[in-house]
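Below, each chain spelled out in residue letters.
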Amino acid sequence: MTPDTLPIDQYDDQLAEKTARLKTLMSPFAAPEPDVFPSPKQHYRMRAEFRVWHDEEELFHIMFDQQTKARIRVDQFPAASELINRLMTALINELKPLPVLRRKLFQIDYLSTRSGKIIASLLYHRKLDEEWQQAATALRDRLRAQGFDLQLIGRATKTKIMLDQDYVDECLPVAGKEMIYRQVENSFTQPNAAVNVSMLEWALDATHGSTGDLLELYCGNGNFSLALARNFNRVLATEIAKPSVAAAQYNIAANQIDNVQIIRMAAEDFTQAMNGVREFNRLKGIDLRSYQCETIFVDPPRSGLDADTVALVQGYPRILYISCNPETLCENLQTLSQTHDITRLALFDQFPYTHHMECGVLLVKRDAG
């Protein structure tokens, strides 16, 4: 597979192989048959990053072959959204004749949305000055005149120049509701919007009829916590990254949700607070004991949950666990399956044409019914 082609005719077989692999991984835990959510076969990535290659008057996007490290020119990238592909061509054509904008430009990052908005970040190995900003503003205006709802950002060492703002607002249809999500440049967002919708709707279905409150660790910009809020009395969520917390707070207001509380805190610290090991100033005014959290939701990094967090999670009647690494999920399940049964299993093909799998499990404590 090269960056400008996708083996679309192989997609169904590859998804079947992933499904079989997930079943094998989950067989020691008596997991049910997985719900399988395919990806669109092309134009599924809402983010893309490319190095930039300069060849005299020429300028083009490149990627590197992971095995050979060979340089590969990329004029179109069918894995990325159609919006990214359109902007790739327009942006390069505009940059070519502009030395002030192309000099020492080494990378372009794109963040697009289904709602038609896009950010392009230009990364440089040089200082960005007033001349750059004037030229970048004119470039942004020309691209907007071509129909792009564009934010343009310049980055260099210890420098970030926003011509307007560093975010776009996405709108996703989730189980009959339009959900607004602010997405901040250079912060984590779900890369595959269509599969993200599938994950949110599966999580809603898996928690349908829940009682009590929801506790969420690693909530990011509130992607899951806001969608799941309709299934719970209240939602208490934690996140450590400041831009993500700010985006989550905006999303709460934009979606007119009044039962979600976001705390800026690492999951490990929150575990200590819940266990009464330490007190934290940022929890002042929040009565943790008033929450009746019968369900806990976790979507941890690839490394999975640390031992202390596993112990915390194990105390809840219901555990909803989304994993981007089934191997570390299985490590956590070695402990969690001692007290809980897997009642739902899902495969989300977030990264088609790769070996990566995203999956979800719902665990119910054996004495919880």
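Residues numbered from 1 in each chain as written. Predicted model: local features only at pLDDT ≥ 70, side-chain atom pairs only at ≥ 80, totals over all residues. Heavy atoms only, no water.

1. Quick notes on the UniProt feature "active site" (unreviewed entry) in the protein
Here is step 1: Feature annotation in UniProt assigns "active site" (unreviewed entry) to the following positions: Cys324 and Glu358. These annotated residues cover 35 residues of sequence, but their C-alpha atoms sit close together, with the largest distance between any two at 4.4 Å.
Here is step 2: Here Cys324 shows up in the loop between strand E15 (318–323) and helix H10 (326–336).
Here is step 3: Dropping the residues within four chain positions of it, Cys324 is found in contact with Pro300, Pro301, Arg302, Met357 and Glu358.
Here is step 4: By secondary structure assignment, the location of Glu358 is in strand E17 (residues 358–365).
Here is step 5: On the accessibility criterion, Glu358 (4% relative accessible area) is buried.
Here is step 6: If we ignore the near neighbours within four places in the chain, the residues touching Glu358 are Gln190, Met199, Ile322, Ser323, Cys324, Ala346, Leu347, Phe348, Gln350 and Phe351. (UniProt positions renumbered as here; feature names shortened; annotations may be inferred. Helix = DSSP H or I, 4+ residues; strand = E, 2+ residues; numbered from the N terminus. Contact = heavy atoms within 4.5 Å. Buried < 20%, exposed > 50% of the residue type's maximum accessible area, 1.4 Å probe, protein only.)

2. A word on the UniProt feature "binding site: S-adenosyl-L-methionine" (unreviewed entry) in the protein
Here is step 1: What UniProt calls "binding site: S-adenosyl-L-methionine" (unreviewed entry) maps, in this numbering, to Gln190, Tyr218, Asn223, Glu239 and Asp299.
Here is step 2: Note on placement: Gln190 falls in the loop between strand E10 (177–184) and helix H5 (193–206).
Here is step 3: The contacts of Gln190, once residues within four sequence positions are left out, are Arg47, Asn196, Met199, Asn223, Phe224, Asp299, Gln350 and Glu358.
Here is step 4: By secondary structure assignment, the location of Asn223 is in helix H6 (residues 223–228).

3. Comments concerning the pairing of strand E9 (residues 167–174)
Here is step 1: As paired elements, E9 and E10 share 8 bridges and run antiparallel to each other. Pairing of Val174 across the sheet is with Lys177, part of E10.
Here is step 2: Between the antiparallel neighbours E9 and E10 lie 2 residues, among them Ala175 with a positive phi of about 50°. (Pairing = 2+ DSSP bridges.)

4. Points about unusual backbone geometry
Here is step 1: At Lys104, a position not held by glycine, the phi torsion is positive, near 60°.
Here is step 2: Mapped onto the elements of the fold, Lys104 is located in the loop between helix H3 (99–102) and strand E5 (105–112).
Here is step 3: Even without being a glycine, Tyr353 presents a positive backbone phi close to 65°.

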